[in-house]
Structures are given as C-alpha cells and as structure tokens.
Amino acid sequence: MSWSETTLKLPGRMGSALGAQALAWWRSIYLTAVVLVLVVTPSSYRRGARGMLAQQIYVQTAPVLTGFTALAALLCAVIARIVMVTAQSYGLSHYALDLVVRVMVIELIPLTAALFVAMRCTIPAGVQVVQMRTRGQLDTWKRQGIDPIRAALVPRAAAGVFAAITLAALSCIVALVTVYISVYGFNLAGFGGYTRVFGRIFTPSLTLVFVLKTWFFSLTVAIMPLASALYTPVARHRQGGAELGGFARMFAVLLLIEVISLMGNYY
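Residues numbered from 1 in each chain as written. Predicted model: local features only at pLDDT ≥ 70, side-chain atom pairs only at ≥ 80, totals over all residues. Heavy atoms only, no water.

**Focus: the overall build of the protein**
In plain terms, the rule: By definition, any uninterrupted DSSP run of H or I lasting at least four residues is a helix, any uninterrupted run of E lasting at least two residues is a strand, and each is numbered from the N terminus. For every residue, the accessible area (1.4 Å probe, protein chains only) is compared with the maximum for its type, and the residue is labelled buried under 20%, exposed over 50%, or partly exposed between those bounds. Note on contacts: a residue pair is in contact if any heavy atoms of the two residues lie within 4.5 Å.
A count of helices and strands for the protein gives 9 helices and 0 strands. Seen in sequence order, the protein has helices and strands lined up from the N terminus as α-α-α-α-α-α-α-α-α. Here the protein holds 267 residues, and 41% of them are scored as buried. Sequence separation of at least 24 residues holds for 83% of the intrachain contacts in the protein that already meet a minimum separation of 6.

**Quick look at the pattern of salt bridges**
For clarity, the cut-off: Salt bridge, as applied in this entry: a Lys or Arg side-chain nitrogen positioned within 4 Å of an Asp or Glu carboxyl oxygen.
By the definition in use, this model includes 3 salt bridges. Across the pair K213 and E107 runs a salt bridge whose closest N-O atoms are separated by 3.2 Å. A residue pair is termed long-range when its members are at least 10 positions apart, and K213 in helix 7 (residues 204-231) and E107 in helix 3 (residues 93-135) qualify at 106 residues. According to the relative accessible area criterion, K213 is buried, its value standing at 3%. Given the relative accessible area of 14%, E107 is considered buried. With a closest N to O distance of 3.7 Å, E258 and K213 form a salt bridge. Here E258, found in helix 9 (residues 242-266), pairs with K213, found in helix 7; they are 45 residues apart in sequence, far enough to count as distant. Shared partners join several salt bridges into a network, and the residues in it are E107, K213 and E258.

**Let's talk about the packing of helix 3 against helix 6 (residues 191-201)**
The following threshold applies: A fitted line through C-alpha atoms serves as each axis, taken over the contacting stretch for helices, and the angle formed by two N-to-C directions is quoted from 0 to 180°. Any angle from 65 to 115 degrees is called roughly perpendicular, while one under 35 is roughly parallel, one over 145 is roughly antiparallel, and all others are oblique. Handedness of a crossing follows from how the near helix is turned relative to the far one, being left-handed for an anticlockwise turn of less than a right angle and right-handed for a clockwise one. Following the grouping adopted for this structure description, the nonpolar residues are Ala, Val, Leu, Ile, Met, Phe, Trp, Tyr, Cys and Pro, the charged ones are Asp, Glu, Lys and Arg, and the polar ones are all others, Gly among them.
Where helix 3 meets helix 6, the axes come as close as 10 Å, and the angle between the chain directions of the two elements is 60°. In this view, helix 3 runs oblique relative to helix 6, as classed from their interaxial angle. Note that helix 3 runs across helix 6; the crossing there is right-handed. Contacts between helix 3 and helix 6 involve L97, D98, V101, R102 and I106 on the former and, on the latter, Y194, V197, R200 and I201. Here the contact of helix 3 with helix 6 is built from residues that sort into 6 nonpolar, no polar and 3 charged.

**Description of helix 3**
Three or four residues apart is the spacing at which side chains of an α-helix point the same way, because the helix has 3.6 residues per turn. To keep things clear, this is the line we draw: The span you would expect from a helix comes to 1.5 Å times its residue count less one. Values of bend correspond, residue by residue, to the angle between axes fitted over the seven residues ending at that residue and the seven starting there.
Between the first and last C-alpha of helix 3 there are 60 Å, a value that for 43 residues agrees with the 63 Å anticipated at 1.5 Å per step. Along its length, helix 3 shows its largest kink, about 50°, at A118.

**Thoughts on the nonpolar core**
Selection criterion: For the purposes of this section, nonpolar cores are sets of buried Ala, Val, Leu, Ile, Met, Phe, Trp, Tyr and Cys residues that join through side-chain atoms within 4.5 Å.
Counting 25 residues, the largest nonpolar core has V100, V101, M104, V105, Y194 and F202 as its most contacted members. Listing elements by their share of this core, those giving two or more residues are helix 2 (47-89), helix 3, helix 5 (148-184), helix 6 and helix 7. For this core, the leading source of residues is helix 3, giving 8 residues. Beyond its immediate sequence surroundings of up to four residues, Y194 is in contact with L97, V101, L176, V179, Y180 and Y184. Counting residues in hydrophobic clusters, the runner-up holds 23 residues, among them V35, L38, V161 and L219.

**Quick notes on the packing of aromatic side chains**
To describe a pair of aromatic rings, you give the distance between the ring centres and the angle between the ring planes. The condition is simple: Two aromatic rings from Phe, Tyr or Trp, using only the six-membered ring of Trp, form a pair when their centres are within 6.5 Å; if the ring planes differ by under 30 degrees the pair is stacked, by over 60 it is edge-to-face, and anything between is tilted.
All told, the structure shown has 6 aromatic pairs when counted by the stated rule. Taken together, a centroid distance of 5.3 Å and an interplanar angle of 70° make the contact between Y180 and Y194 edge-to-face. Separated by 14 residues along the polypeptide, Y180 in helix 5 and Y194 in helix 6 bring together distant segments of the chain. Pairing F202 with F210 gives two aromatic rings, centres 6.1 Å apart and planes at 90°, and the pair type is edge-to-face. A relative accessible area of 15% places F210 in the buried class. Linked through ring pairs, Y180, Y184 and Y194 together constitute an aromatic cluster.

**A word on the environment of A62**
Note on placement: A62 falls in helix 2. By relative accessible area, A62 is classed as partly exposed at 30%.

**Structural notes on helix 5**
Rules: We call two N or O atoms a polar contact when they sit within 3.5 Å, provided that within protein one can donate a hydrogen and the other can accept it, with sequence-adjacent residues counted only if both atoms are side-chain atoms.
For helix 5, with 37 residues, the first-to-last C-alpha span of 53 Å sits near the 54 Å given by 1.5 Å per residue. Along its length, helix 5 shows its largest kink, about 35°, at V154, and proline P155 lies within four residues downstream of that point. Measuring from the side-chain oxygen of the N-cap residue of helix 5 to the backbone nitrogen of I149 gives 3.2 Å; that N-cap residue is D147. Phi turns positive one or two residues past the end of helix 5, at G185, with a value near 80°.

**Details of the side chain of E107**
Polar side-chain contacts of E107 include one of 3.2 Å to the side chain of K213. In this structure E107 touches R102, K213, E258, L262, N265 and Y266, once residues within four positions along its chain are discounted.

**Re the packing of helix 3 against helix 7**
Closest axis-to-axis distance for the helix 3/helix 7 pair is 8 Å, and the angle between their directions is 20°. On the basis of the axis angle, helix 3 is roughly parallel to helix 7. Along this stretch, helix 3 crosses helix 7, giving a crossing that reads as right-handed. Of the residues that constitute the contact of helix 3 with helix 7, the class distribution is 21 nonpolar, 3 polar and 4 charged.

This is the structure in structure tokens:
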C-alpha cells in the first residue's frame, strides 16, 4: 500500500476508532443505569439471586481484607514518617498532621482501595463474564427467559461496589490509627489534639465530597470492567487487548472523579 493510499484512508480509520470509543463509553453509561435500576428492584433479590449475591460479596471481599489491611497500614506508616520528617526539617511540624490526614485519608486511600478492588476483584469478574459468553451461557439464559444482566452482572457489580466501599472504610480506620501511632506513639496523650485536628479537617462539605468520591470510585471499578466484558466482541477478547481498553476508560473516569473532588475541596 502506497503512502498516498494510507493517507487517504487515515480519516476513515480515525473516524471508526472514535466511533468505537464513543460506543464503548455509551454502553458503559447505559449498563451503569441498568444495573442501578436492577439493584433497587425487589425482584433482583429473590431466593436464588440472594444466594448468588452473598456468594459474590464473600468471594470479592473476604479474601482481600487481610492483605489490603496490611498494605494500607504499611503505606500509611511510611508516608506518615516521610511527611513528618520533611515537615520538621522545614520547621513546619505543626502542619504535618493536617497534611498527613488530608493526603492519606481523603485523597490516597479511596483511590488505592478502588484500584486494588479493580485488580483483584472486578477485572477477574469481567473475565468470568467473557468466559460465560464464550461458552454460550448468556445466550442459553436468554432463550430460557432469564435476563443475563440480572443473573450475571448485578451480583458481581453489587459485590464490587461493596468490596470497594468496605476496603475504603477499613483502610481509613487503619490509616487514622497508624498515623496516630506514628505521631504520638502507643499512648493516649495526644488523643484530644488528634480528634480536634480530625474534626477541623472533616467539615460537612469535605465529608460530603469524600463520601461521594468513594461511592463513584466504587461504582466505576465495579461497572466498567463488566461493561467491557459484556459488549466487546468475543473475537477481540480472544485476540487480546480488550481488557486494556476497558482499563484505560476506567482509569480515565477515576482520574476525572479525583480532579472534580479536588476542585470541590480546594477551590
């Protein structure tokens, strides 16, 4: 193929790529709306569905609790030590505790928990959905009058949201305890001052932004991999690379949420 022919076909290829990306984004938004509606629908919690939901919550949450708790404690201890030593070297030790709490609890922990759940739970759940499509199980459910989204995706999405929120809440508690021990040691001498710092930082507006950010993080990591698994052609999954596209879109949404939360907190 000559250079001129390649140049002529370039706009068409770019248009096709942009159209495919727009379609992938629209399908992710559509699936999010459908899953949210099904989650609040009582018929989604019949006896068999409740068992599947409980199983998915256990599978996606219980095995990672211990590992993530240890990782969060280690990360908090290291970052707290670095920030405290750096602040003391510049004569800003009275700002160090505020900085550690803001950086660890408000900014770093929710994002770390969301990415951890995505890597260990929701992306593997998306792989399971792809395998179900390959075996024809979703088509079999359709012929039997069973909604594949309700049967396969809702339990996995709800379990992903639960896992992300649970890990974020647990790691916030671990971070607060670890920061306190790093600053004051194993005694209660600084408990009053520490709680005052905590109360001064977590104003109602900041708390609202923090809760919303954690919720949207969990929703993003729960839905985006499943949307890629459900709507991307099976042939592309077999060729490889489809998961990377879904991960890139998920990371872009997480980054957008983080930027919006920063604007809400500091502007």
